[in-house]
There are 2 protein chains.
Amino acid sequence: MSGEREPLLARHSGRKPIATHAVRAMQSSSKLQDCLRGICTFETVKDLLPVLRWIPKYTLFDLQSDIIAGVTVALTVIPQGLAYARVAGLPPQYGLYSAFMGCFVYTILGTSKDITLGPTAIMSLMVGTFAVSPVVENATYAIVLTLMCGAVQFAMGVLNLGILVNFISYPVINAFTSAAAITIAFGQIKDLFGLKIASKDFIPLVYHTFAQLGETRVWDLTMGLCSLVLLLLLRKLRSIDWKDRPEDLPLPLANRVGRKIIWLVGIGSNAIVVIACSGIAATLISYNLDNKISITGNITGGLPPFKVPAFTLQTGNITISGTEILRDIGIGLIIVPLIGTVEAIAIGKAFARQNNYKIRPNQELLAIGIANMISCFVSSFPVTGSFSRTAVNSQSGVRTPAAGIFTGAIIIIALWFLTPWFYYIPDSALSAVIIFAVLQMVDYEIILKLWRVKKRELIPLFVTFISSLAIGIEYGILVGIGVSLLFVLHSVARPKLKFQPMSLDLHEGVMADRQKHHVDYVVISIDQGFTFPAVEYVQKAITDEMQSGVKPISVIVDCSHFSALDYTSVQGLTELISDFKRKDVCFVLACIEPGVKEDLDRANIPYILTSATVEEACTLIKNLPKANEMTVVTTKENDGPGSDEVNTSKEMGNSALNSVYVEHC
Amino acid sequence: MSGEREPLLARHSGRKPIATHAVRAMQSSSKLQDCLRGICTFETVKDLLPVLRWIPKYTLFDLQSDIIAGVTVALTVIPQGLAYARVAGLPPQYGLYSAFMGCFVYTILGTSKDITLGPTAIMSLMVGTFAVSPVVENATYAIVLTLMCGAVQFAMGVLNLGILVNFISYPVINAFTSAAAITIAFGQIKDLFGLKIASKDFIPLVYHTFAQLGETRVWDLTMGLCSLVLLLLLRKLRSIDWKDRPEDLPLPLANRVGRKIIWLVGIGSNAIVVIACSGIAATLISYNLDNKISITGNITGGLPPFKVPAFTLQTGNITISGTEILRDIGIGLIIVPLIGTVEAIAIGKAFARQNNYKIRPNQELLAIGIANMISCFVSSFPVTGSFSRTAVNSQSGVRTPAAGIFTGAIIIIALWFLTPWFYYIPDSALSAVIIFAVLQMVDYEIILKLWRVKKRELIPLFVTFISSLAIGIEYGILVGIGVSLLFVLHSVARPKLKFQPMSLDLHEGVMADRQKHHVDYVVISIDQGFTFPAVEYVQKAITDEMQSGVKPISVIVDCSHFSALDYTSVQGLTELISDFKRKDVCFVLACIEPGVKEDLDRANIPYILTSATVEEACTLIKNLPKANEMTVVTTKENDGPGSDEVNTSKEMGNSALNSVYVEHC
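Nothing here was measured: the structure is a model prediction, and the numbers come from that model.

Calculation criteria
Residues numbered from 1 in each chain as written. Chains lettered and ligands numbered in written order. Predicted model: local features only at pLDDT ≥ 70, side-chain atom pairs only at ≥ 80, totals over all residues. Helix = DSSP H or I, 4+ residues; strand = E, 2+ residues; numbered from the N terminus. Buried ≥ 20, exposed ≤ 12 C-beta atoms within 10 Å, placed from the backbone. Contact = placed C-beta atoms within 7 Å. Axes fitted to C-alpha atoms, helices over the stretch in contact; angles between N-to-C directions. Parallel < 35°, antiparallel > 145°, perpendicular 65-115°, else oblique. Left-handed = near helix turned anticlockwise from the far one by under 90°. Nonpolar A, V, L, I, M, F, W, Y, C, P; charged D, E, K, R; others polar. Least-squares fit on C-alpha atoms with pLDDT ≥ 70 in both. Expected span 1.5 Å × (residues − 1). Pairing = 2+ DSSP bridges. Right-handed = clockwise from strand over helix to strand, strands pointing away. pLDDT = per-residue confidence, 0-100.

Turning to the overall build of chain A, a few remarks are in order. Of the regular secondary structure elements, chain A holds 27 helices and eleven strands. Within chain A, buried positions represent 48% of all 665 residues. Contacts in chain A between residues far apart in sequence, at least 24 positions, make up 78% of those at least 6 positions apart.

If you want it as structure tokens, here you go:
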């Protein structure tokens, strides 16, 4: 059913950029204008409430598709929600509490038809890491985290701080996801083996799991392994390639219905496994074997109360205040919203690309932020876009975000009527669901790809991965971000310099061979911008290189890669110029871009020589008198940038130089 | 006397670079070779012990100059040392303990003839901030800090981590220095007024100073103000311009001797003021007015014991362990060595430039590190290069670092014989010395300069300045570094894009007017490298811009500013290429540099089109068939970078394109 018509959202979500193909340096002033122009129009309201774009054109066909997709997603999210609540360290119903409100909010605010919000493995792990309540199975910390996470995401959206997400590089995200998946999987393995281990940190967890292998509960393990195998087999049904020959098309109805059923079984594999295992567990218990199998037990049924989240927690006769809760969550207040945003936007972009529409990352941030802020009223833990369920949604032929309404409705119905049936769900079946879901997140192919494309980036990858496992995923990602930013800063601080000896006897642009030709000047090209971290290095490199020559020769610096100077780099250039001036060596800054020119003009550097091109700089050098009667051009002190007047010093003996200078300075 | 002969050190300190003017991309492999070649030669030993370069050529004239300079510096450092110890919160003699060992070590290891190591205002403030001992006037914390500071600086020198210093931009250093000077000055104003205020933080200090102005001790204040005025007048003597007419030269001997004496009085102003005030105080006390004037009182005389620094501190019956001391010093273990390094290297570079020689920053780091590590054996607090005394040294005509031996010797003599005379030194006179010294460090002209040259950098300046005063200089500098790095990262994350519509009807390089001409392609230039923080922004900017056109037209991306790609940016390009491929739009990467080319080759991106220049990319587009029969070139899967074989897809209908591709891919 998918792809039969152009999806509605794709038709309407593309916001027309204001400028057309005109020369347009993206400057802040024009941004401000855009912004002011954009306020208070119906288009802006539509941008903020994307539902207004697609609802007027909503058809019965869209409704039919969305119902099918929404129900299918609900089938996936119910077992996942129950399971992820365990990862978060909360009673199972909280997984369902987290699964419906986000869907409703996203229907109104989302820009992607495919994304479905709700509990995810990584966010659950985050809750289990940052929002550890001193009272077992109490959700106060998690709910406070949801509110704060939403508030931070909303603020990031309003302040246009989506830029922060860009500072997490692909290898770092990748390693973090894999490490999180492995941490989650190992946390579940103990349930699969029926072991009781208190520790949550990865290394002690692995240690204790192996140490206690002898205490494995065989019934739990058997059921878990069977579930895993079943999940694997059912998963295959989703992606069967029927290899139809063209002459067989169109297929008979029975054939098509049959295939649809097989596909649905594949999509609903989690639910099927959980139901089957529950049935087995119920049967075993009816035979009084209830001590053999760990089951979920009683779950509080019904909808969660809609209430303002409590900002205090009573434990014994101690009251933990909101401030203390926030302090306990600590850096989680930044990391959790950031990870949630990265996850949702990465997923949104992937599916937008696949289905040929566009998402607006900033609106996505607002949508997730508001979804979290509202979700906390129904005792949800932080939600974000789920990769597995977004895929299910897309494959089920979803056409608009309205599918979320049906997903949410089914979950509410489940909370009302189905909770008694959850009593028999075996822990090991839920563990199998989680393990199966997260192991697909581990991407080992990236190692090969990086090895082939960019070996250096294996460093942030492995640093992130190892530190995530060793000191916790919450610090691992920070370490990873730090390392990858160090790479960026290092390349800024250590530009590559190229020294090309040139002879005036040869054609321009032909490099001189030091053995054969007289070297008249050196062209130095710098492959990067020239900002403060690079200043000292470049100064030293140039001075060292020039010092090695027998006699001082002229220097042309190719500044074409400079995009703007800062005060430190202007100082650095001033020092270089005065150093070379003292040695009576001609030092020309060539290929100056307009922005750099402005910076230099404002700095009013004495003795500066600039030229528009390297060739022009050569002409300038050629026409110079001997080195010891070096020609000097100074701009007048206190000249404003607007003044073109040039003050030449007494030694000035060459009008060609002057004209070049006037022309370009 | 200065400048009469070329200074010895200048003649020998220039280490000849190994490579001459040859094309030389500075690569790590060649660095390694240099390094290996450099080990175990006498040159290397000379590099590590620069004394070996100048000692063989040491003359009697050098000795004479160095003695004069060394003694003059000692005259400055004795009052300064006594005063700075107060800033550090230690008894006065510790200022002298800190003043001699650094001089000796630097004589052997230093690469600048002018630098003189010892206590400085900022390092003293650092000690008073980070090494606050729970036992009043106990130096254990300070001495541990000295050791650790030396160790960190030494390690930075060995590991070639001088790069770290480059990440502190000029406005940040400037604002930090000014804030430190103001903090120190305000800390002394209370002594000038004779007030007793316990608080060390700037804001409470200012508040209490004004609140207690009524309790001012008039005698202290009078003596302090008189000292300040005297210092100001004497300082002027140093810089008298005698305005000699050429016909008067050479001056008669009496004239020259007279001028020398006036100059010496100027140089020794601190000592003169302190001696004069001590005399007055002694007189007053002999008239039983000793309750009117706060004086230094008894000072422990003699040399400090040469001993391994104690790593524990006994207070009452509690023993503070080394670990606890280090934990208390905390972030100071990083900040203090960093600031010390910045100070010393900045001073060294300034004087090297002025006197036309070169320092080697890495050797300086080693020298300061070792000086600190050895100084801690004589109960010194952390030392670094002092700007004021280095200036005195240089003006006194120093010729080699040997002057340090004489400075150190005088201080040792002072410790042996002069301490009883320090009894009468008034607190207010020392305060005046400090205030006078630090107020010269406040640089308000930078505000005007930045306003003129680069207004944006007023932000890091003011952020550093205000946060240094408000939350302490130790955090202020960190905040400042953070803000200035954010500027760098922001420019990396938000490159400027320029969109130039072009028509094939016009000459190449002429921009098309959208009203008059048919636009055939757009040249997009990006002003920066293309690293991971920029990927999403650039993708979005290009896609948005291209979407606004009526019909899809070809795109040429000018990649000349790319210096290397990372995995995330390769992914970004892959996505862009496949997006444009899906729309059947020709997308060419032009002006690819060799390094970028290698990255692209290794990534093996499907459908990639590259060209060496924009013109070539135009040819490529011109020779293309219609957009809907778009020509596609793919490299063979699994092709190594070495293989030049090209696999064209079935639609390929144009050999010109193929040849271009083969030539440049």
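All names here are of chain B. In the contact formed by helix α14 (residues 269-286) and helix α20 (residues 427-439), the axes pass within 9 Å of each other and the chain directions differ by 165°. Relative to α20, the element α14 is oriented roughly antiparallel. Judged by the twist between their axes, the crossing of α14 over α20 is right-handed. Across the interface between the two elements, Asn270, Val273, Val274 and Cys277 of α14 pack against Ala429, Ala432 and Val433 of α20. Partitioning the contact of α14 with α20 into residue classes produces six nonpolar, one polar and no charged.

Its rotation angle being 180°, the transformation that places chain A on chain B also includes 0.0 Å of axial translation and leaves an RMSD of 0.1 Å. Seen this way, the second copy is the image of the first under a two-fold rotation axis. Judged by C-alpha distance, A:His561 is the residue of chain A that lies nearest the rotation axis, at 3.0 Å.

A word on helix α25 (residues 567-582) of chain B. With 16 residues, α25(B) should reach 22 Å at 1.5 Å per residue; the first-to-last C-alpha distance of 22 Å fits that figure. Turning to α25(B), its buried residues are B:Tyr567, B:Thr568, B:Ser569, B:Val570, B:Gly572, B:Leu573, B:Leu576 and B:Phe580. Where α25(B) is buried, its residues contact α9 (170-192) and α20 (445-453) of chain A together with α24 (532-547), β7 (554-558), β8 (587-590) and α26 (594-603) of chain B.

What follows is about the packing of helix α12 (residues 218-238) of chain B against helix α13 (residues 253-267) of chain B. All names here are of chain B. Look at α12 against α13: their axes get within 7 Å of each other, and the N-to-C directions meet at 135°. Our classification of the angle between α12 and α13 gives oblique. Remark: the crossing between α12 and α13 carries left-handed chirality. Of the residues in α13, those in contact with Leu234, Arg235, Leu237 and Arg238 of α12 are Ile262, Trp263, Val265, Gly266 and Ile267.

This part is about the interface of chain A and chain B. Taken together, the 63 residues of chain A in the interface contact 62 residues of chain B. Elements with a minimum of two residues in the side of chain A that touches chain B: α9, α20, α22 (473-493), β5 (497-502), α23 (532-547), α24 (567-582) and α25 (594-603) of chain A. The biggest single contributor to the side of chain A that touches chain B is α23(A), with eight residues. Here the side of chain A that touches chain B is built from residues that sort into 29 nonpolar, 17 polar and 17 charged.

Another point: the sheet that holds strand β9 (residues 609-611) of chain B. Residues and elements named next belong to chain B. Within the open sheet, the five strands sit side by side as β5-β6-β7-β8-β9. Their pairing is mixed. In the strand order of this sheet, the two ends are held by β5 (497-502) and β9, each with one partner. Strand after strand, the sheet turns through a mean of 25° between neighbouring axes, direction not considered. Pairing of β7 with β8, which is carried by four bridges, proceeds in the parallel orientation.

Turning our eyes to something else, we now look at the environment of A:Val588. Tracing the backbone shows A:Val588 in strand β8 (residues 587-590). With 26 C-beta atoms counted inside 10 Å, the residue A:Val588 sits in the buried group.

A few words on unusual backbone geometry. For A:Cys591, which is not glycine, the phi torsion reads 55° and is therefore positive. When you line up the elements, A:Cys591 lands in the loop between β8 and α25. Given 20 C-beta atoms within a 10 Å radius, A:Cys591 is considered buried. Not every positive phi belongs to a glycine, and B:Asn604 is a case in point at roughly 55°. Its place among the elements puts B:Asn604 in the loop between α26 and β9.

With that settled, the discussion passes to helix α13 (residues 269-286) of chain A. Note on helix geometry: an α-helix contains 3.6 residues per turn, so any two residues three or four positions apart are oriented the same way. Along its 18 residues, α13(A) runs 26 Å from first to last C-alpha, staying within 8% of the 26 Å computed at 1.5 Å per residue. Packed against the buried residues of α13(A) are α5 (60-87), α11 (218-238), α12 (253-267) and α19 (427-439) of chain A.

Okay, the pairing of β8(A) next. All names here are of chain A. Residues Phe587 and Leu589 point to one face of β8 and Val588 and Ala590 to the other, with burial holding for every one of them. The β-α-β motif built from strand β7 (residues 554-558), the intervening α24 and the parallel element β8 has right-handed crossover chirality. Alignment of β8 against strand β9 (residues 609-611), held across three bridges, turns out to be parallel. Pairing of Ala590 across the sheet is with Ser611, part of β9. Handedness of the crossover is the feature at issue here: the chain leaves β8, passes through α25, returns alongside β9, and the resulting connection is right-handed.

Time to look at the sheet that holds β5(A). All names here are of chain A. Here five strands make up an open sheet; going across it, the order is β5-β6-β7-β8-β9 and the pairing mixed. Only two strands of the sheet have a single partner each, and these edge strands are β5 and β9. Strand-to-strand, the axes of this sheet are offset by a mean angle of 25°, without reference to chain direction.

It is worth spelling out the confidence of the model for chain A at this point. Residue and element names in this part refer to chain A. Averaged over chain A, the pLDDT score is 81; the fraction of residues at 70 or greater is 85%. Predicted confidence for residues 1-28 stays below pLDDT 50, and this span has 57 contacts to residues more than four positions away or in other chains. Long-range and interchain partners of residues 626-665, a stretch whose pLDDT sits below 50, account for 63 contacts in this model, where long-range means more than four residues apart. Across the whole predicted complex the pTM is 0.75, and at the interface the ipTM reaches 0.75.

Turning to the environment of A:Glu137, a few remarks are in order. Residue and element names in this part refer to chain A. Note that Glu137 resides in the loop between α7 (121-130) and α8 (140-158). Owing to 10 C-beta atoms within 10 Å, Glu137 belongs among the exposed residues under this scheme. Along the sequence, Glu137 and Ser294 sit 157 residues apart, while their C-alpha atoms lie 18 Å from each other.

Before going further, it helps to examine the pairing of strand β6 (residues 521-526) of chain B. All names here are of chain B. A large share of β6 lies buried, amounting to five of its six residues. In the sheet, β5 pairs with β6 via six bridges, with the strands oriented antiparallel. When the bridges of β6 are listed, Gln500 appears paired with Val523.

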